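Fold and contact review
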Amino acid sequence: MITFNYLLEQIRLYKKSIIIANILAIVMTLISVPVPLFIPHLVDEVILGKEGSFISTVNQFIEVSSPEYYILIVFILIIILFAINSFLGVVRRAYLDKTIENIRLNMRRKLLTHLKSVSMSEFDMLGSGATSSKMGTDIGVVIGFLSSSMGNILVAILKLIAMSVILLYLNWKLALVILILNPLVVKVFIKVFKKLSKLMKDRNRTIASFNNSLVESLELFNQIRVQNREEHFFDKVNSDATKIRDKSYEYDLEWNKSLVVARMLMSYSNTLFQMLALYFVLLGDMSIGEMMAIFVYAGMIRQPINLLLRFTQKYHDAKEAMDRLNDILKLKKEQKFKMEIDPFKDKETASIELKNISFAYDENKQIFKDFNLKIEAGEKVAITGETGSGKSTLANIIMGLYPIDEGEILYNGVDITKIGYEKVRENIGFVLQSPLMFNSTLRYNLSLGKEYSDEEMYRVLKIAQLYDFVDELPKKLDTIVGKNGTKLSGGQRQRLSIARVLLDRPKVIIFDESTSSLDNETENRLLEALDDYIKDKTIITIAHRQTTIDTAERVVNLNT
């Protein structure tokens, strides 16, 4: 899980960079914080002519003929200190940024590694839009907190300590006023942030819902347009967008209200502090130069306090973001089985047997209960049934994509637990009714990143009745098909999906109404070309059309 302890473990991986950055932070604090101490010396000794150590110290090194030169010396010295401080800040930031980006990458890898092995039945219930939202928005929130805590908190704490010591040195009575009132403001803010974090959680949940609706609507836009349902779907997306606006407004309103109250309290404390300072000068307990230096420090101390306040806010935001990221890590992983026996080795095809299997998406949606089915090696079986009867679910179970709750699945008489899912999918091809395509080349959509020769690709394209189409394209296999294959017709996408499966030379093929978009002539040519390839293989066809059912040797109706 992604927790604060996990973040600490990640930070320890880059201990060297963090140590260097922290040393630089200490040096930067030592350089920047004492600068305002020049003010009381300049005012009291140079302008008002009081005795002090500043002029005598400078005169030991440089002979100064005019008071203006003391001011010039201090000016040059401050410029040099600020330049050194800025340079160290850039170096320190470089160490921190590299560490933060490495941790961001590690978090993404952790989530992606988990997603890679998540059970498909679990992932299908989550939704791609919600997942992408969490991977983007919520990781950004956690990294924002980490960047703030690593980059600013140590500096803020060091500055607070250093400035508190200097203020106590200059005038302990005034220092106590600042050091007591400011924490009270911080306490008010912390209470507000707890409420704000809940509002942010609601807002981010709404953003995830919006992303999910938007992604699904855009991916299915062609279908939505064909069904003339644009208004319904985009009204839903607009409704989610409106909810984001309302949640964001509620969050921003609460944030601004709390900010106004906090600033008002800080203004009150500063006004009280300034009046007391003038009173101490009037009593002679403090010089004008010391008063001006304290005023500068009182202003400077706001910055680290504001950083600590923002850190508190980001802490609560990160806590909620980690909870949402852990929704991904809570998805059940697909069970791994070590391959003990390879039932497909040296076999032309395979028999498949389901013994007393039960499967449910959840406790309220039972799909199969004590279901039995045996398909002999080389048999051609059509699976029929009404919508929702479990045809596609059955195909996913046979592929090992949906783990069963009870029962056994055997391939050539060997249980899947002794084979492993990877070996099963290596030997069983699944041709989807609505195949998904990458916005890439025909070559990539055929191979999915695996190495195949052009000769092998053209061989399966000929079987799939796509050879002539591809051969006439100017870029042939290097033609971009568009997002989800939009540059291809529905029938061409189905045939490309068939070619993709054939390229892997599976020993069992499942067709999920895979020729539904083809005209009769093309379908007949395709079936004839397929005949030689599949004649000795086990073929399972999820069928609705009678022409498809008629090609089967046996029909299994899931409604009976």
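Higher on the page you've got the structure.
Okay, so let's go over this structure. Please read all numbers here as calculations on a predicted model, not as lab measurements.

1. Here's the deal with the overall build of the protein
Assigned secondary structure in the protein consists of 20 helices and nine strands. The proportion of buried residues among the 560 residues of the protein is 46%. Considering only residue pairs separated by 6 or more positions, the protein has 80% of its internal contacts joining residues 24 or more positions apart. Split by element, the accessible area of the protein, about 29900 Å² in all, is 56% carbon and sulfur.

2. A short note on the sheet that holds strand 1 (residues 352-362)
Pairing in this open sheet of four strands is antiparallel, and the strands run 2-1-4-5 from one edge to the other. With one partner strand each, in any of the chains shown, strand 2 (365-375) and strand 5 (414-415) form the two edges of the open sheet. Inspection of the sheet shows strand 1 paired to strand 4 (residues 406-411) by five bridges, in the antiparallel sense. When the sheet's bridge partners are listed, Ile352 is paired in strand 4 with Tyr411.

3. A look at the packing of helix 16 (residues 454-463) against helix 18 (residues 490-503)
Put simply, helix 16 and helix 18 touch, their axes get as near as 9 Å, and they point 130 degrees apart. By the angle between their axes, helix 16 is oblique relative to helix 18. Regarding helix 16 and helix 18, the two cross each other, and that crossing is right-handed. Mapping the contact onto sequence places Glu456, Met457, Arg459, Val460, Leu461 and Ile463 in helix 16 and Leu496, Ala499, Leu502 and Leu503 in helix 18. Considered class by class, the residues forming the contact of helix 16 with helix 18 number eight nonpolar, no polar and two charged.

4. Side note on the side chain of Gln10
Within the element layout of this structure, Gln10 appears in helix 1 (residues 4-13). Under the relative-accessibility criterion, Gln10 is labelled buried at 8%. Residues within four places of Gln10 in sequence aside, it is in contact with Ile103 and Asn106.

5. Here's the deal with the pairing of strand 8 (residues 538-542)
Burial analysis of strand 8 places five of its five residues in the buried class, which makes it a mostly covered element. Residues of strand 8 alternate between two faces, with Thr538, Ile540 and Ile542 on one and Ile539 and Thr541 on the opposite face, all of them buried. Bridge count between strand 3 (residues 380-384) and strand 8: four bridges; the pairing is parallel. The residue of strand 8 that forms the bridge with Val381 is Ile540. Here strand 7 (residues 508-512) pairs with strand 8 via five bridges, running parallel. Bridge assignment links Val508 to a residue of strand 8, and that residue is Thr538.

6. Thoughts on the nonpolar core
Counting 34 residues, the largest nonpolar core has Leu354, Ile383, Leu394, Ile398 and Tyr411 as its most contacted members. The residues contacting Ile398, other than those within four sequence positions of it, are Ile352, Leu354, Tyr411, Val424, Ile428, Ile510 and Ile540. Core analysis: the second largest hydrophobic core is formed by 30 residues, Tyr452, Ala464, Leu503 and Phe511 among them.

7. Describing the environment of Leu331
Position of Leu331 relative to the elements: it lies in the loop between helix 12 (302-329) and strand 1. Under the relative-accessibility criterion, Leu331 is labelled buried at 10%. Considering only alpha carbons, one finds Leu331 and Val118, 213 residues apart in sequence, at a separation of 6.4 Å.

8. Some words on the packing of aromatic side chains
Both the distance between ring centres and the angle between the ring planes are used here to describe each pair of aromatic rings. Within this structure, the stated rule accounts for eleven aromatic pairs. Considering the side-chain rings of Phe4 and Tyr315, the 4.8 Å spacing of their centres and the 15 degrees angle between planes classify their relative orientation as stacked. In this pair, Phe4 sits in helix 1 while Tyr315 sits in helix 12, placing the two residues 311 residues apart along the sequence. Owing to a relative accessible area of 25%, Phe4 belongs among the partly exposed residues under this scheme. When its relative accessible area of 29% is taken as the criterion, Tyr315 is described as partly exposed. Plain terms: the ring middles of Phe438 and Tyr444 are 5.5 Å apart, the flat faces sit at 80 degrees to each other, and that makes the pair edge-to-face. Grouped by ring-pair contacts, the aromatic residues Phe4, Phe145, Phe311 and Tyr315 constitute a single cluster.

9. Details of the environment of Glu122
Relative to the elements of secondary structure, Glu122 occurs in helix 6 (residues 120-126). Of the residues examined, Glu122 reaches a relative accessible area of 25% and is grouped as partly exposed. Along the chain, Glu122 and Glu334 lie 212 residues apart, while their C-alpha atoms are 9.2 Å from each other. Non-local contacts of Glu122, meaning those with residues more than four positions away in its chain, are made with Leu331 and Lys332.

10. Focus on a nonpolar patch on the surface
On the surface, Tyr69, Leu72, Phe75, Ile76, Ile79, Ile80 and Ile84 cluster together into a nonpolar patch covering about 650 Å² of accessible area. Along the chain, Ile76 turns up in helix 5 (residues 67-116). The exposure class assigned to Ile76 is partly exposed, which follows from its relative accessible area of 42%.

11. So, the pattern of salt bridges
Going through the model one piece at a time under the given rule, you end up with ten salt bridges. A salt bridge links Glu426 to Lys423; the shortest N-O distance between them is 3.2 Å. Residue Glu426 and its partner Lys423 are both found in helix 14 (residues 421-427); the two are separated by three residues, about one turn of the helix. By relative accessible area, which is 17% here, Lys423 ends up buried. Between Asp478 and Arg443 there is a salt bridge; the shortest N-O distance is 3.2 Å.

12. Section: the sheet that holds strand 9 (residues 554-557)
Reading across the sheet, the five strands line up as 6-7-8-3-9 and stay open at both edges, with parallel pairing between neighbours. Of all the strands in the sheet, just strand 6 (428-431) and strand 9 have a single pairing partner and so form its edges. Strand-to-strand twist across the sheet, computed as the mean angle between neighbouring axes with direction ignored, equals 15 degrees. Sheet strands in contact with helix 13 (residues 391-398) are strand 3, strand 6, strand 7 and strand 8, and its direction is about 150 degrees off that of strand 8.

13. Some details on the packing of helix 2 (residues 15-32) against helix 5
Interhelical geometry of helix 2 versus helix 5 gives an angle of 160 degrees and a closest axis separation of 9 Å. One way to sum up the angle between helix 2 and helix 5 is to call them roughly antiparallel. When you trace helix 2 past helix 5, the crossing you get is left-handed. Facing Ser17, Ile18, Ile20, Ala21, Leu24, Ala25, Val27, Met28, Ile31 and Ser32 of helix 2, the residues of helix 5 in contact are Leu81, Ile84, Asn85, Leu88, Gly89, Val91, Arg92, Tyr95, Leu96 and Thr99. Counted by class, the contact of helix 2 with helix 5 contains 14 nonpolar, five polar and one charged residues.

Cut-offs used in this document
- Residues numbered from 1 in each chain as written.
- Predicted model: local features only at pLDDT ≥ 70, side-chain atom pairs only at ≥ 80, totals over all residues.
- Heavy atoms only, no water.
- Helix = DSSP H or I, 4+ residues; strand = E, 2+ residues; numbered from the N terminus.
- Buried < 20%, exposed > 50% of the residue type's maximum accessible area, 1.4 Å probe, protein only.
- Contact = heavy atoms within 4.5 Å.
- Areas by Shrake-Rupley, 256 points an atom, 1.4 Å probe, with all protein chains shown as cover.
- Pairing = 2+ DSSP bridges.
- Axes fitted to C-alpha atoms, helices over the stretch in contact; angles between N-to-C directions.
- Parallel < 35°, antiparallel > 145°, perpendicular 65-115°, else oblique.
- Left-handed = near helix turned anticlockwise from the far one by under 90°.
- Nonpolar A, V, L, I, M, F, W, Y, C, P; charged D, E, K, R; others polar.
- Core = buried A, V, L, I, M, F, W, Y, C linked by side-chain atoms within 4.5 Å.
- Phe/Tyr/Trp six-rings, centres within 6.5 Å; stacked < 30°, edge-to-face > 60°.
- Patch = residues over 30% accessible without salt bridge, like charges linked within 9 Å, V, L, I, M, F, W, Y side chains within 5 Å.
- Salt bridge = Lys/Arg side-chain N within 4 Å of Asp/Glu carboxyl O.

On their own, these measurements won't tell you what the molecule is for.
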